[in-house]
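# Descriptive structure summary
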Amino acid sequence: MKASDVKKGNVVEHDGTVYQVRDIERSSPSARGGNVTFRFTLYSIPGGRKFDLSLRSDDELREMDLIRRAANFSYMDGDAFVFMDAEDYTQYMLSPELVGDNAGYIVEGIEGYYVQVIDDAPVGLQVPSSVILTVVETAPEMKGSSATKRNKPAKLDTGIEIQVPEYISNDEKVWVSTLTGEFAGRA
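Note that the structure is a prediction, hence the values are computed from the model and not measured.

Counted under the stated rule, the structure contains 5 aromatic pairs. Residues phenylalanine 73 and phenylalanine 81 carry aromatic rings whose centres are separated by 6.2 Å and whose planes lie at 55° to one another, so their mutual orientation is tilted. Here the two residues phenylalanine 73 and phenylalanine 81 agree in accessibility, since each one is buried. Here phenylalanine 83 and tyrosine 113 contribute two aromatic rings whose centre-to-centre distance is 5.6 Å and whose plane-to-plane angle is 65°, an arrangement assigned as edge-to-face. One end of the pair, phenylalanine 83, is in strand 7 (residues 80-85); the other, tyrosine 113, is in strand 9 (residues 113-118), with 30 residues separating them in the sequence. There is no split in this pair, since phenylalanine 83 and tyrosine 113 are both buried. Among the aromatic residues, those joined into a cluster by ring pairs are Phe73, Phe81, Phe83 and Tyr113. The ring of tyrosine 114 carries arginine 68 above its face, with NZ or CZ at 4.2 Å from the centroid.

And the structure:
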């Protein structure tokens, strides 16, 4: 496809790497006969590394078919995370590198995970915007200090640490935002 036909959200290949287009800036030349250029802000799949690319309107990019499949977390196979497709029960094994920072938000029994697939091979994982996790270790609440709102560190059952309000205690279930990595409320 020509650079002038690319839209936000398209998945393209450039120099052997697959990217998703997040932003497009079009610049028209001031002189006659000049070429229109497009500046793309791309993020690699997997990994999410930012890449800026400038192309003329006639330059070609290869469009890729990225399929999002609803999947549920099944189990760990060594270091790999195994997800099962919610429709046809296909199992996808995702390496820790592919999952990346989202590993702390993977728990059984929660819907909203999507495995991103290109040519039948998993290339990424999209997690729900918030998940319920259990507090396994946090300091006890200090009595008599309720006039000011203070936070304290808490370790969760998946191994991540977040800041929670003082009234949260061990074994409580909390909502955690996967976008910010912050406490989002009691569950």
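Bringing the nonpolar core into the picture now. Ranked by internal contacts, the top residues of the largest apolar core, which has 27 residues, are Phe83, Ile106, Tyr113, Val115 and Leu125. By size, the runner-up hydrophobic cluster in this structure holds 12 residues, among which are Val12, Tyr19, Val21 and Phe38.

Another point: the pattern of salt bridges. Evaluation of the coordinates by the stated rule reveals 8 salt bridges. Residue aspartate 52 pairs with arginine 39 through a salt bridge whose shortest N-O separation is 3.4 Å. With aspartate 52 in strand 4 (residues 50-56) and arginine 39 in strand 3 (residues 37-44), the pair connects residues that are 13 residues apart, well separated along the chain. We classify arginine 39 as partly exposed; its relative accessible area is 41%. Between arginine 150 and glutamate 166 there is a salt bridge, with its nearest N and O atoms 3.0 Å apart. On the criterion of sequence distance, the pair formed by arginine 150 in the loop between strand 11 (130-138) and strand 12 (151-156) and glutamate 166 in the loop between strand 13 (161-165) and strand 14 (173-177) is long-range, its members being 16 residues apart.

Cut-offs used in this document
- Residues numbered from 1 in each chain as written.
- Predicted model: local features only at pLDDT ≥ 70, side-chain atom pairs only at ≥ 80, totals over all residues.
- Heavy atoms only, no water.
- Phe/Tyr/Trp six-rings, centres within 6.5 Å; stacked < 30°, edge-to-face > 60°.
- Buried < 20%, exposed > 50% of the residue type's maximum accessible area, 1.4 Å probe, protein only.
- Helix = DSSP H or I, 4+ residues; strand = E, 2+ residues; numbered from the N terminus.
- Lys NZ or Arg CZ within 6 Å of the ring centre and 35° of its normal.
- Core = buried A, V, L, I, M, F, W, Y, C linked by side-chain atoms within 4.5 Å.
- Salt bridge = Lys/Arg side-chain N within 4 Å of Asp/Glu carboxyl O.

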